[in-house]
Amino acid sequence: MRRVYLDHNASTPVHPDVLAAMMPFFSEQYGNPSSIHSFGREARDAVEAAREEIARFLGVSAQETVFTSGGTEADNLAVKGVAWARGTGHIITSRVEHHAVLRTCQALERAGFAVTYLGVDQHGMVDPDEVRQAIRPDTILVTIMFANSEVGTIMPIDAIGRVTRERGIPLHVDGVQALGKIPFSLRGLGIDLLSCSSHKIYGPKGIGALYVRKGTKMVSIQHGGDHERRRRAGTENVPAIVGFGKAIATRARDMAEEAPRVTALRDRLWDGVRARVEDVRLNGHPTQRLPGTVNMSFRGIEAESLILALDLKGIGASAGSACTSGSLEPSYVVTAMGVPTEWALGALRCSLGRSTTAEEIDRVLEVLPAVVERIRSLSPAAA
Amino acid sequence: MYSETLIDHFRVPRNVGMMRHPDAVGESEDGNCGDLARFYLRVEGGKVTEARFQTYGCGPSIAASSLVTELVQGRTVDELDGVTPDAVEDALGGLPPDRRHAATLAVAAIRAATAHYRRRRAEEVRRV
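If you're wondering where the values come from, they're calculated on a predicted model, not measured in any experiment.

1. Quick look at the overall build of chain B
Right, on to step 1. Each helix and strand in chain B was counted, giving 5 helices and 3 strands.
Right, on to step 2. Along chain B, helices (α) and strands (β) appear in the sequence α-β-β-β-α-α-α-α when read from the amino end.
Right, on to step 3. Scaling as 2.2 N^0.38, a compact globule of 128 residues should have a C-alpha radius of gyration of about 14 Å, and chain B matches this with 14 Å.
Right, on to step 4. The principal-axis extents of the C-alpha atoms in chain B amount to approximately 55 × 30 × 25 Å.
Right, on to step 5. Taken over 128 residues, chain B has a buried fraction of 45%.
Right, on to step 6. Sequence-distant contacts, at least 24 apart, represent 63% of the contacts inside chain B between residues at least 6 apart.

2. Quick word on the sheet that holds strand β8 (residues 208–212) of chain A
Residues and elements named next belong to chain A.
Right, on to step 1. As summarised here, the arrangement of the 7 strands in space is β2-β8-β7-β6-β5-β3-β4, forming an open sheet in which the pairing is mixed. Each edge of the open sheet carries a strand with a single partner, namely β2 (65–68) and β4 (114–118). For this sheet, the mean angle separating the axes of adjacent strands, direction not counted, is 20°.
Right, on to step 2. In the sheet, strand β3 (residues 90–94) pairs with β4 via 5 bridges, with the strands oriented parallel. Bridge pairing in β4 places I92 opposite T116.

3. Things to note about the interface of chain A and chain B
Where interface size is given, it is often the accessible area lost as the parts come together that is meant.
Right, on to step 1. Contacts between the two partners involve 15 residues from chain A and, on the opposite side, 18 residues from chain B.
Right, on to step 2. When residues in the side of chain A that touches chain B are grouped by element, the largest group, 4 residues, is from helix α10 (residues 303–312) of chain A.
Right, on to step 3. Along the lines of polarity and charge, the residues of the side of chain A that touches chain B split into 8 nonpolar, 4 polar and 3 charged.

4. Focus: unusual backbone geometry
Right, on to step 1. In this model, D279 of chain A sits at a positive phi of 55°, which is unusual for a non-glycine residue.
Right, on to step 2. On the secondary structure map, D279 of chain A appears in the loop between α9 (238–276) and β9 (280–283).

5. Some words on the nonpolar core
Right, on to step 1. Core analysis: the largest hydrophobic core is formed by 148 residues, its most contacted members being L306 of chain A together with A64, A106 and I110 of chain B.
Right, on to step 2. With 12 residues, α9 of chain A is the largest single contributor of residues to this core.
Right, on to step 3. Three or more residues apiece are contributed to this core by two domains, here domain 1 (4–11 + 255–378) and domain 2 (16–250) of chain A.
Right, on to step 4. Not counting residues up to four positions away in its chain, the partners in contact with L306 of chain A are F298, I301, L348, V371, V372 and I375 of chain A.

6. Quick notes on helix α2 (residues 59–71) of chain B
Residues and elements named next belong to chain B.
Right, on to step 1. Taking 1.5 Å of rise per residue, 13 residues should cover 18 Å, and α2 covers 18 Å from first to last C-alpha, within 8% of that figure.
Right, on to step 2. Taking burial as the measure, the 13 residues of α2 include 12 buried ones, the bulk of the element.
Right, on to step 3. For α2, the full list of buried residues reads G59, P60, S61, I62, A63, A64, S65, S66, L67, V68, T69 and L71.

7. Quick word on the sheet that holds strand β2 (residues 36–44) of chain B
Residues and elements named next belong to chain B.
Right, on to step 1. In spatial order, the strands read β1-β2-β3; together these 3 strands make up an open sheet with antiparallel pairing. Strand pairing shows two members of the sheet lacking a second neighbour, β1 (24–29) and β3 (47–56), which therefore form its edges. For this sheet, the mean inter-axis angle between neighbouring strands, taken without regard to orientation, is 15°.
Right, on to step 2. In this structure, β1 lies alongside β2, joined through 6 bridges in antiparallel fashion. Among the inter-strand pairings, S28 is bridged to a residue of β2, identified as A37.
Right, on to step 3. On top of the sheet, α2 reaches β2 and β3; it is set at about 170° to β3, its chief contact.

8. Looking at the environment of R276 of chain A
Residues and elements named next belong to chain A.
Right, on to step 1. Turning to its location among the elements, R276 is positioned in helix α9.
Right, on to step 2. Through-space distance from the C-alpha of R276 to that of L365 is 8.1 Å; in sequence the pair is 89 residues apart.
Right, on to step 3. For R276, the residues in contact, after removing those within four places along its chain, are L365 and P369.

9. A word on the pairing of β3 of chain A
Residues and elements named next belong to chain A.
Right, on to step 1. With 5 of its 5 residues buried, β3 lies for the most part within the structure.
Right, on to step 2. Because side chains alternate across β3, one face comprises the buried residues H90, I92 and S94, and the other comprises I91 and T93, equally buried.
Right, on to step 3. Of the strand pairs in this sheet, β3 and strand β5 (residues 139–145) are connected by 3 bridges, and their pairing is parallel. Looking at the pairing, H90 lines up with T139 of β5.
Right, on to step 4. This β-α-β element, β3 to helix α5 (residues 99–110) to β4, shows right-handed connectivity.

10. Concerning the domain arrangement of chain A
Residues and elements named next belong to chain A.
Right, on to step 1. Structurally, chain A comprises domain 1 (4–11 + 255–378) and domain 2 (16–250).
Right, on to step 2. Taken over C-alpha atoms, the centre of domain 1 sits 28 Å from the centre of domain 2.
Right, on to step 3. Of all the elements, helix α11 (residues 332–336) adds the most residues to the side of domain 1 that touches domain 2, at 4 residues.
Right, on to step 4. Per-class residue counts for the side of domain 1 that touches domain 2 are 10 nonpolar, 12 polar and 3 charged.

11. As for the environment of G17 of chain B
Residue and element names in this part refer to chain B.
Right, on to step 1. Relative to the assigned elements, G17 resides in the loop between α1 (4–11) and β1.
Right, on to step 2. Accessibility expressed as a C-beta count within 10 Å gives 13 for G17, which makes it partly exposed.
Right, on to step 3. Distance in space between the C-alpha atoms of G17 and I62 is 12 Å, their sequence separation being 45 residues.
Right, on to step 4. Beyond its immediate sequence surroundings of up to four residues, G17 is in contact with R52 and Q54.

12. Notes on the packing of helix α4 (residues 71–86) of chain A against α5 of chain A
Residues and elements named next belong to chain A.
Right, on to step 1. Their axes nearest at 9 Å, the elements α4 and α5 cross at an angle of 30°. On the basis of the axis angle, α4 is roughly parallel to α5. Crossing of α4 over α5 shows right-handed handedness. Judged by residue contacts, G71, T72, D75, N76, V79, K80 and A83 of α4 engage A100, V101, T104, C105 and L108 from α5.
Right, on to step 2. In terms of residue class, the contact of α4 with α5 is made up of 6 nonpolar, 4 polar and 2 charged.

Definitions and limits used
Residues numbered from 1 in each chain as written. Chains lettered and ligands numbered in written order. Predicted model: local features only at pLDDT ≥ 70, side-chain atom pairs only at ≥ 80, totals over all residues. Helix = DSSP H or I, 4+ residues; strand = E, 2+ residues; numbered from the N terminus. Rg over C-alpha atoms; globule rule 2.2 N^0.38 Å. Buried ≥ 20, exposed ≤ 12 C-beta atoms within 10 Å, placed from the backbone. Contact = placed C-beta atoms within 7 Å. Pairing = 2+ DSSP bridges. Axes fitted to C-alpha atoms, helices over the stretch in contact; angles between N-to-C directions. Nonpolar A, V, L, I, M, F, W, Y, C, P; charged D, E, K, R; others polar. Core = buried A, V, L, I, M, F, W, Y, C linked by C-beta atoms within 7 Å. Domains from an automatic or database assignment. Expected span 1.5 Å × (residues − 1). Right-handed = clockwise from strand over helix to strand, strands pointing away. Parallel < 35°, antiparallel > 145°, perpendicular 65-115°, else oblique. Left-handed = near helix turned anticlockwise from the far one by under 90°.

The structure is reproduced here in structure tokens:
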């Protein structure tokens, strides 16, 4: 059975060029970048070349880029790093952030910080005016994601950045889902910190980065050696960093051409489902949405059974974020958008990527309606 | 993640659908996740001769319901009191910790059905 992978927001396959770039750094160029000898210098050069690649893509300087173990650590470093540099104060975030931000904010609340969790509209958007109204004299940080992983909605980050810039408050943006999928440059955007991840853009897992604008007051949260200009201790994950750099270079080359193609496939999927299945609705913004993300709710179905049934047909999709798919509550993101529980429980996320084809979408359109009908027929709501 | 038995019951659920004029109906809803199971029983000579189910929920809840309809077949109503969540879980080949509710839900719905049966019997006896 040929399988169809529609879970690119959870993770992606490593691009062949990325894998090829990484390989020598496992066995041949194994030096520690902190070592002075030639083995170390070779590793250092590779790390710095990758850093340059990422900085160029973001439109920032290499010194402003800190490698981390992934998006979650980048979020932790940004939010805790800025908070602990002040020691006390108020943080503004939204109810639809990734758990890496939400639970970090909750931990800071327990440590005495105040946090405001802004709501979102029916499409999952944060209103920049609500950010402005939530600002207090002791506000030390605003943290809002660039694009939502579950529904794909792209936030009005430039408008939010104008508000924070005007008030002189640092803005952290979780850019994990937006990076390499939609074009943006940090030059001109009011972003002070941006979290990035490699494995969402065909790079390896276990590596990410945090952009920290020069002059941003923060402390490190992981202590040890002088790595990463003392902002993140620990020997650099050289092969992964090289892979991340190559993944970014690949996105810089392919993104513009790929986005319209993936967007068209995304719309082919939604239009096809809508035409074939009754009682289905789209979650997320109709247009201001990531190219590959379709989140749809099927009434009268619990998404877990739908995912299992699709999996048995070789189709990999998800309910909400991969991190919470073990939980049985409806998605907090979809719920925050005001979607009624009976619909929220049936929210299915399909996330497309560079390898997704029209044939694959058509296969899903062939399988999905029957699967939905079968599961609905098992329910007490069936006639 | 799931056993072959569980997948089999999910893929080809046994005894699905409503029953006309059942001798007992019972349903149960999981307050946390919203899963809902309903059983219909046909009882002849004190024994279950037919059981059917309708369930809204995750794969394991659907599979547990299907399995329970087989488990209760041919047993007396009193014997159904011996069907426990652990027994259902074992028969399903195990459940992940966050899916244990599947067995609890199916057993609670069966309990509701046997309670309904006994209520109806008591009413019939009073009428006689």
